[in-house]
Structure formats: structure tokens, C-alpha cells
Amino acid sequence: MSAKRYELIVFDWDGTLMDSAGAIVRAIQAACRDLDLPVPDDARARHVIGLGLDDALHYAVPMLTRSRYPDMVARYRYHYLSRDQELVLFDGIAATIERLAAGGWWLAVATGKSRVGLDRALAHSGLGAHFHATRTADECFSKPHPAMLEELMAELSVPPAQTLMIGDTTHDLSMAQNAGVDALAVSFGAHDVDTLASVPSVAMVATPGALDQWLRDNA
């Protein structure tokens, strides 16, 4: 086997490993309806995927006052968690993660989910045992701040030059840029090709199968 280009591969969760972008959009919109707030369109709601919840609400529902944040968070979580057990990984993702883990790469997750939310998703997906470290938005600064990546690299003793961040949003790509880490964009999640192209990445892949092949050829 040839020498690895990367030692650590960090994945975003929603829209990168799990097909959950649509569920997040619908939960944001339903929460707004519950509270008689203007409902963001799909594009605006999709844009915030990957951010910490406070930052996401500030963008998706700009007229939401700070005093109403707890109500909005509660309604969002109600709608999302009522269906989250129905969410599934993208086709082929489990096999990719299992292959990388068996091949000796360090694997990690950097996500806008909460710790409780990520732990639920890791357990439900069956992937938890394959990841060596994880960071969530309620433990770190929200993306695109580099803290999640910096902490993961420190914990696993891997330098930026040997770290790859994989994500479906400009928040992921900008976090990687801010941390001095290569980023690989996937266009089958929350942000479209043109939006992703606004932030530098080493490549962009359009399907989970293409992601697996890129990693075979380049990681």
C-alpha cells in the first residue's frame, strides 16, 4: 500500500454522511410556523446547515428576538427529533467509513449538531465505533471558526498538512481554510455546486460513490 497523503480524515455529519439536510430544513420551517414567524424558503434554511444552532437561527430567522430563542430551539428539536430515527446514511457511506477505519486512517467528526444529537446519530447509524474523536457545536465555536479542527488535530497529534476536512457546505470548507487544512467538497448535501465553488477545496465530488473513489485515489 502506498504512503497515505492524509493521516486524519474529518467528516461533517449532516448532508455529508447522513441524508438529513431536507429534514433540517423542514424542522426549521415547521418551528417557524408553530411560533407564527416568517417561514424561510428552502434555500435560506439549507444555507445554515452545519452551523451551531444559535448561529443558524440568527441567519434563518433574522427577526427572531433573543428572548424567543428558547422557544424556537424547543420547537425545532421537537420536529427534528420526532423523525430523526427515520434518517439514513447516504448509500455507500457506511462501507467507505468501514474501509477507511480498517485501513488505519484516523477518523473524526466535526459537526454543527449538539453532543446529544451526534451521540444519537452515531448510535443509530452504527458508525460510532469507527471514529476516534468528535467535536460538536455546543463544545466549540461554531463553523467556520477553526476550533473544532484545531482540537481534533491536537487530540490525535496530526498536523494540518496531514488532515483532510470533508463537508457539504461552505461553512465546512471555510473552517478548513481557517485551520490551514485541505478541504474536499461534496455536492450531494446542503449547498449546491456554485455555492461550494466560492470557497477553495482540493476537489468537489457529486456522489457518495465518487467520494469513495476520490479517497481511494488520493487519501
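Residues numbered from 1 in each chain as written. Predicted model: local features only at pLDDT ≥ 70, side-chain atom pairs only at ≥ 80, totals over all residues. Heavy atoms only, no water.

Engineer: Teacher, can you tell me more about the sheet that holds strand β1 (residues 8-11) here?
Structural biologist: Paired through their backbone hydrogen bonds, the strands of a sheet run either parallel or antiparallel. An order of β3-β2-β1-β4-β5-β6 is seen for the six strands of this open sheet, with the pairing classed as parallel. Each having just a single partner strand, β3 (133-135) and β6 (203-205) make up the two edges of the open sheet. Between one strand and the next, the sheet's axes are offset by a mean angle of 20°, whatever the strand orientation. Examined bridge by bridge, β1 and strand β2 (residues 106-110) share four bridges and lie parallel to one another. Counterpart to F11 in the pairing with β2 is V109. (Pairing = 2+ DSSP bridges. Helix = DSSP H or I, 4+ residues; strand = E, 2+ residues; numbered from the N terminus. Axes fitted to C-alpha atoms, helices over the stretch in contact; angles between N-to-C directions.)

Engineer: Just to check I follow, could you spell out the nonpolar core for this structure?
Structural biologist: Most often, soluble globular proteins have nonpolar side chains that are buried together. Counting 56 residues, the largest nonpolar core has I9, W13, M72 and F131 as its most contacted members. Ranked by residue count, the leading element in this core is helix α1 (residues 21-34), at eight residues. Residue contacts for W13: discarding those within four places in its chain leaves M18, L89, V109, A110, T111, K113, L118, A121, L122, S125, L127 and F131. Membership of the second largest hydrophobic core comes to 24 residues, among which are A133, M153, A179 and A185. (Core = buried A, V, L, I, M, F, W, Y, C linked by side-chain atoms within 4.5 Å. Buried < 20%, exposed > 50% of the residue type's maximum accessible area, 1.4 Å probe, protein only. Contact = heavy atoms within 4.5 Å.)

Engineer: I tried to follow the pattern of salt bridges on my own but got confused; where do I start?
Structural biologist: A side chain of one charge can pair with a side chain of the opposite charge if their charged atoms are brought near each other. As enumerated under the stated definition, the model contains 13 salt bridges in all. In this structure, E86 and R83 form a salt bridge, with 2.9 Å as the shortest nitrogen-oxygen distance. Among the salt bridges present, the one from R115 reaches E139, with a minimum N-O distance of 2.8 Å. Within this pair, whereas R115 is found in helix α6 (residues 115-125), its partner E139 is found in the loop between β3 and α7 (147-156), the two being separated by 24 residues in sequence. (Salt bridge = Lys/Arg side-chain N within 4 Å of Asp/Glu carboxyl O.)

Engineer: Even after reading the chapter, I still don't get empty space enclosed by the protein, so can you show me in this structure?
Structural biologist: One way to see where empty space is left: roll a probe the size of a water molecule over the atoms. In the structure shown here, the tally under the stated rule is one cavity of 30 Å³ or more. Considering only enclosed or pocket space, the largest cavity measures out at about 50 Å³ in volume. Taken together, M18, Y80, D84, L87, K113, G117, R120, A121 and H124 make up the lining of the largest cavity. For the lining of the largest cavity, the leading source of residues is α6, giving four residues. Residue composition of the lining of the largest cavity, grouped by class: four nonpolar, two polar and three charged. (1 Å grid on protein atoms, 1.4 Å probe; cavity = no way out; pocket = protein on both sides within 12 Å on 5 of 7 lines; lining within 4 Å. Points joined across faces, edges and corners; volume = space filled by probe spheres on them. Nonpolar A, V, L, I, M, F, W, Y, C, P; charged D, E, K, R; others polar.)

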